[in-house]
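Residues per chain are reported as follows:
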Amino acid sequence: MLEILLMLLQFHKTVTIEKLATVFPQPIRFESRRRSIQRFLLLPQLSIPYLWFPLLKRWVKNSLKTREKRLIFAIDRTQWRSQNVFVISLIEQKRAIPVYWILLPKKGCSNLGEQKKLIRPLLQLFKGYQMLVLGDREFHSIKLANWLHSKSIDFVLRQKQGTYIRQENQSYQRLQSLELTPGISFFLTGIQATKQKDFANFNLAGYYKRKYRGVVEPAGWFLLTNLDSLKDAIKAFKLRSGIETMFKDCKTGGYNLESTYADGQRLIARCEK
């Protein structure tokens, strides 16, 4: 049944149970097909750890045989109607593959505890690989950066312009005072981010894409990182856009998950397929 559902999903590009039940090749009444699919999707064996993790682990192992053993992940949130979905995805060739996801029981941003909850399962799943985590301004927290660093995870986290930093033997200053303008880039090492104490010092990459054909980006990037160079930090963070494409694939640009009106366990169960 799983094999048939996967083929129907790919061919019809829909996750709506009613539509799947209509085309499901089973010689029973429509209502019976619909209930059969619903029961199947709620089987406990079809969970992320039992089904998806082993497949993903094998795929990663086979695809990285002759390549550098570093995996790049992007974390982000998206709103599917009333559901606040928090996702970590593997970036592969400018695309994002969802690895693990949770539903946040609230609106708005995630906190440090929820961020740890999302990332922790990957520590065991990809043990032996070097990990790099990318995050936009929602994930600017120095606490998250410090935790990732303590787990030997590389990171590039975009910062808000109001973030305070301090370079060695200098006073605190807000990032906006660095006057990052189009065409400018810089790399500061060993900076202290925020006025809170007892955190490790990291590096700061500044990058503002130059004006091109009269078009100027709305703002530059301030990137907190434990990578060693401007080139590595910028190259890595540019890959984060793959997760935006993935969200489009899940929404109206692809499988249209929002059309299901599913919530809670049923939405998670359908995403897992």
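Note that the structure is a prediction, hence the values are computed from the model and not measured.

### Brief notes about the side chain of Arg 240
By the secondary structure assignment, Arg 240 is in the loop between α7 (230-238) and α8 (242-250). Side chain to side chain, Arg 240 and Asp 76 meet in a polar contact 3.1 Å long. In terms of polar contacts, Arg 240 uses its side chain to reach the side chain of Asp 136, at 3.4 Å. When residues no more than four places from it in sequence are discounted, the contact partners of Arg 240 are Ala 74, Asp 76, Leu 134, Gly 135 and Asp 136.

### Structural notes on the packing of aromatic side chains
Given two aromatic rings, one states the distance between the centres and the angle between the planes to describe the pair. Summed over the entire model, instances satisfying the criterion amount to eight aromatic pairs. Seen from their ring centres, Phe 126 and Tyr 129 are 6.3 Å apart, and the 80° between their planes marks the pair as edge-to-face. Classification of Phe 126 as buried rests on a relative accessible area of 1%. A cation sits over an aromatic face here: Lys 195 above Tyr 164, 4.3 Å from the ring centre.

### Some words on the confidence of the model for the protein
Across the protein, pLDDT averages 86, with 87% of residues at or above 70. Looking across the protein, the model is least confident in helix α9 (residues 264-272), with a mean pLDDT of 50, and most confident in strand β5 (residues 154-158), with 97.

### Digging into the nonpolar core
Ranked by internal contacts, the top residues of the largest apolar core, which has 48 residues, are Phe 73, Val 99, Tyr 100, Phe 126 and Leu 148. With near-sequence residues (within four places) excluded, Leu 148 lies in contact with Ile 119, Val 133, Ile 153, Phe 155 and Leu 157.

Here is what the cut-offs are and how they apply
Residues numbered from 1 in each chain as written. Predicted model: local features only at pLDDT ≥ 70, side-chain atom pairs only at ≥ 80, totals over all residues. Heavy atoms only, no water. Helix = DSSP H or I, 4+ residues; strand = E, 2+ residues; numbered from the N terminus. Polar contact = N/O pair within 3.5 Å; in protein donor to acceptor, adjacent residues only side chain to side chain. Contact = heavy atoms within 4.5 Å. Phe/Tyr/Trp six-rings, centres within 6.5 Å; stacked < 30°, edge-to-face > 60°. Buried < 20%, exposed > 50% of the residue type's maximum accessible area, 1.4 Å probe, protein only. Lys NZ or Arg CZ within 6 Å of the ring centre and 35° of its normal. pLDDT = per-residue confidence, 0-100. Core = buried A, V, L, I, M, F, W, Y, C linked by side-chain atoms within 4.5 Å.

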